[in-house]
Amino acid sequence: KLVDAQNELANMSIEGSAGNGSVSVTCDGKGQFKSIKLSAEAINPENPSAVSSDDIEMLEDLIASAMKTAVGKSKSEMESKMKSVTGGVNIPGLTL
């Protein structure tokens, strides 16, 4: 049951948004970052038509890369701390 629940969480898509939907982020049910979507209004609210789709895509890619790097580093830190607490013993279900 635990593995089924973990798989179900991993396959979820949970979205959060801000700025009346101008910024939208999607994570899975385990809190892992999946994607970000930006509107032109989020980048240049005074002149959104000046923002190209290439600029939006580049910013989305840069933010997504930074988020994935930060999440990966935090997961490594968490695993390291858990190993120190458990003495290196792998306890099933005690991972994110």
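Calculation notes
Residues numbered from 1 in each chain as written. Predicted model: local features only at pLDDT ≥ 70, side-chain atom pairs only at ≥ 80, totals over all residues. Heavy atoms only, no water. Helix = DSSP H or I, 4+ residues; strand = E, 2+ residues; numbered from the N terminus. Rg over C-alpha atoms; globule rule 2.2 N^0.38 Å. Buried < 20%, exposed > 50% of the residue type's maximum accessible area, 1.4 Å probe, protein only. Contact = heavy atoms within 4.5 Å. Areas by Shrake-Rupley, 256 points an atom, 1.4 Å probe, with all protein chains shown as cover. Lys, Arg positive; Asp, Glu negative; His and termini not counted. Charge placed at Lys NZ, Arg CZ, Asp CG, Glu CD. Pairing = 2+ DSSP bridges.

S.K.: Whenever I open this one, the overall build of the protein chain confuses me. Can you help?
M.R.: Looking only at helices and strands, one finds 3 helices and 3 strands in the protein chain. Counting from the amino terminus, helix and strand elements in the protein chain follow one another as α-β-β-β-α-α. For a compact globule of 96 residues, the expected C-alpha radius of gyration is about 12 Å, and the protein chain comes in at 18 Å, more than 25% above that figure. Taken along the three principal axes of its C-alpha coordinates, the protein chain extends 55 × 25 × 20 Å. Here the protein chain holds 96 residues, and 17% of them are scored as buried. Contacts spanning at least 24 positions in sequence make up 20% of the contacts within the protein chain whose residues lie at least 6 apart. Accessible surface for the protein chain amounts to roughly 6900 Å². Of this, 55% is attributable to carbon and sulfur atoms. Computed over 9 positive and 13 negative side-chain charges, the inter-centroid distance for the protein chain is 14 Å.

S.K.: Is there a simple way to think about unusual backbone geometry in this case?
M.R.: In most cases, non-glycine residues show a negative phi, while peptide bonds are predominantly trans. Even without a glycine there, the phi angle at Asn20 is positive, about 55 degrees. A relative accessible area of 88% means that Asn20 is categorised as exposed.

S.K.: It is not clear to me how the pairing of strand E2 (residues 23-27) should be interpreted in this structure. Could you clarify?
M.R.: Along any regular strand the residues' side chains alternate between the sheet's two faces. Residues of E2 alternate between two faces, with Ser24 and Thr26 buried on one and Val23, Val25 and Cys27 left unburied on the opposite face. One ladder, built from 5 bridges, connects strand E1 (residues 14-18) with E2; its direction is antiparallel. Each residue of the ladder has a partner; that of Gly16, found in E2, is Val25. Linkage of E1 to E2, two consecutive antiparallel strands, is achieved through a turn of 4 residues, within which Gly19 is found at a positive phi near 60 degrees. As paired elements, E2 and strand E3 (residues 33-38) share 5 bridges and run antiparallel to each other. Bridge pairing in E3 links Ser24 to Lys37. Taking the residues between adjacent antiparallel strands as the criterion, E2 and E3 are bridged by 5 residues, where Gly31 takes a positive phi near 85 degrees.

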